Amino acid sequence: MRFEFRNHDLVRINRNFPTSVRSTINVADVNGTISKVTLAFNILHTFTSDLVVTLRSPSGQSATLVNREGGSGNHFLGTVFDDASTSSIANARPPFKGRFRPAESLNNLDGANANGEWTLEIDDVASQDGGLLLSWTLGFMVQRETSKFKIELDFQGGLSPSQRRVFANAAERWSEIITGAADGSSLSLTIEAGGIPIDRGGVPGEGNVLGQAAPTVLQNGLSSNGIMEFDTFDLDRLENDGSLVNVIIHEMAHVLGHGTIWRRQGLLVGEGSFDPRFIGLNAMEEFGVLLGTNRPTPVPVANQGGPGTEGAHWRETTFGRELLTGRLDSGINPISRMSIASLIDLGYRVDLDAADSYDLPDARLLSLLGTEGSGSFCCSPHNH
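All figures in this text were calculated on a predicted structure; none of them were measured in a lab.

Definitions and limits used
- Residues numbered from 1 in each chain as written.
- Predicted model: local features only at pLDDT ≥ 70, side-chain atom pairs only at ≥ 80, totals over all residues.
- Heavy atoms only, no water.
- Axes fitted to C-alpha atoms, helices over the stretch in contact; angles between N-to-C directions.
- Helix = DSSP H or I, 4+ residues; strand = E, 2+ residues; numbered from the N terminus.
- Parallel < 35°, antiparallel > 145°, perpendicular 65-115°, else oblique.
- Left-handed = near helix turned anticlockwise from the far one by under 90°.
- Contact = heavy atoms within 4.5 Å.
- Nonpolar A, V, L, I, M, F, W, Y, C, P; charged D, E, K, R; others polar.
- Pairing = 2+ DSSP bridges.
- Buried < 20%, exposed > 50% of the residue type's maximum accessible area, 1.4 Å probe, protein only.

**Quick word on the packing of helix α1 (residues 161–177) against helix α3 (residues 244–256)**
Between α1 and α3, whose axes approach to 9 Å, the crossing angle comes to 55 degrees. Taken together, the axes of α1 and α3 are oblique relative to one another. You can see that α1 and α3 cross each other, and the crossing is right-handed. Along its contact with α1, which presents Gln163, Val166, Phe167, Ala170, Ala171, Arg173 and Trp174, the element α3 presents Leu244, Val245, Ile248, Ile249, Met252, Ala253 and Leu256. Residue classes in the contact of α1 with α3 are distributed as 12 nonpolar, 1 polar and 1 charged.

**Some points on the sheet that holds strand β18 (residues 299–300)**
Reading across the sheet, the 3 strands line up as β16-β17-β18 and stay open at both edges, with antiparallel pairing between neighbours. Each edge of the open sheet carries a strand with a single partner, namely β16 (268–269) and β18. Alignment of strand β17 (residues 277–278) against β18, held across 2 bridges, turns out to be antiparallel. Among the inter-strand pairings, Phe278 is bridged to a residue of β18, identified as Val299.

**Regarding the pairing of strand β10 (residues 131–141)**
Within β10, 10 of the 11 residues are buried, which leaves it mostly tucked inside the rest of the structure. Direction of pairing for strand β1 (residues 2–7) relative to β10: antiparallel, over a ladder of 6 bridges. Its bridge partner being in β10, Arg6 is matched across the sheet by Thr137. As defined by bridge partners, strand β2 (residues 11–13) adjoins β10 across 3 bridges and the pair is classed as antiparallel. Bridge pairing links Val11 to Leu133 in β10.

**Observations concerning the environment of Thr64**
The topology assignment puts Thr64 in strand β6 (residues 62–67). Residues in contact with Thr64, not counting those within four places in the same chain, are Val52, Val53, Thr54, Pro102, Ala103 and Glu104.

**Some thoughts on the side chain of Ser162**
By secondary structure assignment, the location of Ser162 is in helix α1. Of the residues examined, Ser162 reaches a relative accessible area of 18% and is grouped as buried. With near-sequence residues (within four places) excluded, Ser162 lies in contact with Thr86 and Glu239.

Following this line, the structure appears as structure tokens:
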């Protein structure tokens, strides 16, 4: 089960002299011990290498997230700290839009009671540059139900050891979300994974294809075998900028059936039109909650982007940064309850509480994201 707690109170970081500031989040009503901690924050600050940022638990345990990284660069915008990433914050560049491994492991905080006061400590060790803590989000994973779902990875080459670890972490994330088949029985999925030349890196923002994925064998309507291939020219870039974890989790969703078996199961209507929709009841109910109507509403599906994107993802101009749209956005890309509910419609048993926090973006945010044309396409038409 996933829990998220946020603090949106602004905290000023004085530029006139070295200073330390603190922001707290009070956690309550979390039953069970922590199995994973993640953290995200937004900090406006010039000369980021002035900052040391530390998370401290209610029991006094701590993990340093940032230790004077980024040189003279500016800001942390949508910066996520996750031990599952192989991209180190020490090797990244401001404004650190992505998912990174912190300076010290957050695993040090596992096994503790989550309840109590958590503190984000920001130490500015120099004068002349200051800024603002805009917000931060603390996430916990607490295992509520033993998963009966397992992904076996069969590596085919073209992947470094660190990239293979990202695949393993992505498989673990899906085992948090999927707990078995709809009838409660166990499921296993074998994925052949590798790196190959797809479009030689393409041009990010102009149709660059990051990867391609699909089920290859279905048993009782669900995927038992699949393939995931990534553009070798993109892999290092994605790992360095902290995007690789999100891309692999996304592509693994296609192997599970997101966008790839919708037609087979009669869940896609209006394909090829201006307004294709997903009509699985569980996803429609969650979309109604997002809209605030609480009425089941067919979910908008991508109507542009070409074969492989169109008709196989949520619509970018509706859902923005949600992980299962057709384009990769920088920074945080959450998996919503709606996306997890759509897996129930495919025939999986899931834990809806494993979803990330997500709200529909407003028009202003969508315009800032540039959803009509920016970003890299996730998928090749080869497997759709």
